[in-house]
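The lines below spell out each chain.
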Amino acid sequence: MKLCTVGLGYIGLPTSIMFASHDVDVVGVDVKKEAVDLLNNGQIHIEEPGLQDALESVLKVGKFKASLEPEKADTFIIAVPTPNKDDEYLSCDLSFVMQATENIIPYLEKGNVVIVESTIAPRTMDDHVKPRLEEAGFTIGEDIYLVHCPERVLPGQIMHELIHNNRIVGGVTPECTEKGAEVYQTFVQGEIIKTDARTAEMSKLMENTFRDVNIALANELAKVCNKLNINALEVIKMANKHPRVNLHTPGPGVGGHCLAVDPYFIIAKAPEQAKLISLSREINKSMPDYVTETAEKLVQKNNGKKITVFGLTYKGNVDDIRESPAMDIYEKLNAKPEYEVVAYDPHVKLSFVEKDLEKALSGSDLVLILSDHNEFKELKSDAFSTMNTLQVFDTKNVVQEHSDEVTYINYGNLYK
Ligand code: SAJ
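All values derive from a computational prediction rather than experimental measurement.

Draft legend 1. A look at the overall build of the chain. Along the chain, the regular secondary structure elements total 14 helices and 14 strands. Since a compact globule built from 416 residues should have a radius of gyration of about 22 Å, the 23 Å found for the chain is in line with a globular shape. In terms of overall dimensions, the chain has a C-alpha envelope of 70 × 50 × 40 Å along the principal axes. Sorting the 416 residues of the chain into buried and exposed places 48% on the buried side. Of the contacts formed within the chain by residues at least 6 apart in sequence, a portion of 71% connects residues at least 24 apart.

Set out below in structure tokens:
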């Protein structure tokens, strides 16, 4: 099989390399020349465990190349971003998906399978992609097999989850579904679940929405407990002993390019019906302000000035700062002239990020932990000894070793 992937980002690149390492000839297409050049020179441009080694192996055997232009192939996979539009409901911006469709049309031949992996609003395949390919002269289900196969892998574990997760394959016709399923049999060891395109679109969106709504509940619980002088983390631990309860974990907000984006695709299509989804977004979006205000109170209590922000990424052990509540909090604090704000994040290579842990901590009045990187989990209390006020507000409850010299604040004891 020959595969042409459009989009070499967090999903398109690992997917391309996974196919290439299972004997598929892959050409990966991206509009970014630097990324294409880097990849052809054996360097990945994103952080993902296992990906660098896998790229080197497939380049060595000549199974993968990156390119600025598509090529003829048996299967095409579209894995481009679908951001929110800047409209009233932050609906799904399909422009990259439609542009990618446009770009592959000149290369399509009878019998090709076209798969959209990007997360898309419900009915996108039926109402947008299918009509465009029909307009180009193809009969869907006869000439071209059109499929939505949403990606569902967790950043940080992509290479493992690509193989082991169950995979939803939603064809625009039943014939399309069958052809799509054959493609993923190449490497998927989880169940390949066959359905139609609309169900696949909505299932993917609801997975992330389920998580967003549940995190909103946990964040609300943290605020309620703080008001009522109750240990929220203990409550979650207790409630989760019930066999049918699984409360999520409160934090500084919800980020990344999935949970903070996808629920709006549903809201925009059915605003009158999607009330809980909409409110949950509001609750999660309120968390950066809540954390910022709490951090300010903690610093002001000791007439402090320096705040050390630990972690800018949207979650632990990744380099991704898209929609990151941590970035939002950093920027909010940094905009206030009364504080000296230093960001420390071993995973983020931005010029303003302090590389030296000692410098970041020296004279600080508060460590504000916003991402659960492994490096923070392992921090020993002596690391904080050069601080001016030895206090840590750990919004992710990540630091494992606590000592009497340092005041540790989290959602369990914030009220004290
Ligand atoms: N978070 C909390 N509390 C929790 C769990 C997460 O505050 O209890 C926060 C995280 O810190 C982060 C955000 O939520 O800011 C999202 O993180 P995540 O680990 O839940 O998910 P993502 O965005 O990295 O990946 C999700 C996954 N979806 C689900 O688990 C249902 C992944 O499987 C999807 O492939 C991915 O979205 C995607 O691309 O859609």
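So that's the structure; there's more coming.
Draft legend 2. How the structure looks around the pairing of strand β12 (residues 366-369). Residues Leu366 and Leu368 line one face of β12 and the alternating positions Val367 and Ile369 line the opposite face, and both faces are buried. Pairing geometry for strand β9 (residues 306-310) and β12, over four bridges, is parallel. Considered in β12, the bridge of Phe310 is made with Ile369. Pairing of β12 with strand β13 (residues 391-394), which is carried by three bridges, proceeds in the parallel orientation. Following the sheet pairing, Leu368 is matched in β13 by Phe393.

Draft legend 3. Spatial organisation of the site of the ligand. Around the ligand there are 20 residues in total, and His248, Thr249, Gly251, Gly256 and Cys258 lie nearest to it. Looking at the shell around the ligand residue by residue, the classes come out as eight nonpolar, seven polar and five charged.

Draft legend 4. Seen up close, the domain arrangement of the chain. Entries for the chain in the domain assignment read domain 1 (2-199) and domain 2 (288-409). Using C-alpha coordinates to define each centre, domain 1 is positioned 38 Å away from domain 2.

Draft legend 5. Looking closely at unusual backbone geometry. Unlike most non-glycine residues, Leu90 shows phi in positive territory, near 55°. One can find Leu90 in the loop between β4 (75-78) and α4 (95-104). Positive phi outside glycine occurs at Asn303, with the angle close to 50°.

Draft legend 6. Molecular detail of the pairing of β9. The buried fraction of β9 is high, at four of five residues. For β9 and strand β10 (residues 340-344), the ladder comprises five bridges, and the chain directions are parallel. Bridged to Phe310 within β10 is Tyr344. Of the crossover connections in this fold, the one passing from β9 over helix α12 (residues 325-334) to the parallel β10 is right-handed.

Draft legend 7. A look at the environment of Val114. Its location among the elements puts Val114 in strand β5 (residues 113-116). Those residues in contact with Val114 that sit more than four places away from it in its chain are Phe76, Ile144 and Leu146.

Draft legend 8. Representation of the packing of helix α8 (residues 197-228) against helix α9 (residues 232-239) within the structure. Interaxial distance between α8 and α9 falls to 9 Å at its minimum, and their mutual angle equals 130°. By the criterion of interaxial angle, the relationship of α8 to α9 is oblique. Residue-level inspection shows Ala218, Leu221, Ala222 and Cys225 of α8 in contact with α9, the latter providing Ala232, Val235 and Ile236. Residues of the contact of α8 with α9, tallied by class, amount to seven nonpolar, no polar and no charged.

Draft legend 9. Here's a closer look at the sheet that holds strand β11 (residues 353-354). If you walk across this open sheet you meet the six strands as β11-β10-β9-β12-β13-β14, and the pairing is parallel. Of all the strands in the sheet, just β11 and β14 (407-409) have a single pairing partner and so form its edges. Contacting β9 and β10, α12 crosses the sheet at an angle of about 155° to β10.

Draft legend 10. Region of the structure containing the nonpolar core. One finds Ile78, Ile115, Leu146, Val309, Leu368 and Ile369 to be the most contacted residues of the largest nonpolar core, which totals 122 residues. No other element matches α8, which puts 11 residues into this core. When we break this core down by domain, the ones giving at least three residues each are domain 1 (2-199) and domain 2 (288-409). Sequence-distant contacts of Ile369, that is, excluding residues within four places in its chain, are made with Phe310, Gly311, Phe376, Val392, Phe393, Asp394, Thr395, Lys396, Val398 and Val399.

Draft legend 11. Region of the structure containing the environment of Asp126. You can see Asp126 is positioned in helix α5 (residues 124-135). With 45 residues separating them in the primary sequence, Asp126 and Gly171 have C-alpha atoms 9.9 Å apart. Contacts of Asp126, omitting those with residues within four sequence positions, involve Val172, Ala197 and Arg198.

What counts, and at which threshold
- Residues numbered from 1 in each chain as written.
- Predicted model: local features only at pLDDT ≥ 70, side-chain atom pairs only at ≥ 80, totals over all residues.
- Helix = DSSP H or I, 4+ residues; strand = E, 2+ residues; numbered from the N terminus.
- Rg over C-alpha atoms; globule rule 2.2 N^0.38 Å.
- Buried ≥ 20, exposed ≤ 12 C-beta atoms within 10 Å, placed from the backbone.
- Contact = placed C-beta atoms within 7 Å.
- Pairing = 2+ DSSP bridges.
- Near = placed C-beta within 6 Å.
- Nonpolar A, V, L, I, M, F, W, Y, C, P; charged D, E, K, R; others polar.
- Domains from an automatic or database assignment.
- Right-handed = clockwise from strand over helix to strand, strands pointing away.
- Axes fitted to C-alpha atoms, helices over the stretch in contact; angles between N-to-C directions.
- Parallel < 35°, antiparallel > 145°, perpendicular 65-115°, else oblique.
- Core = buried A, V, L, I, M, F, W, Y, C linked by C-beta atoms within 7 Å.

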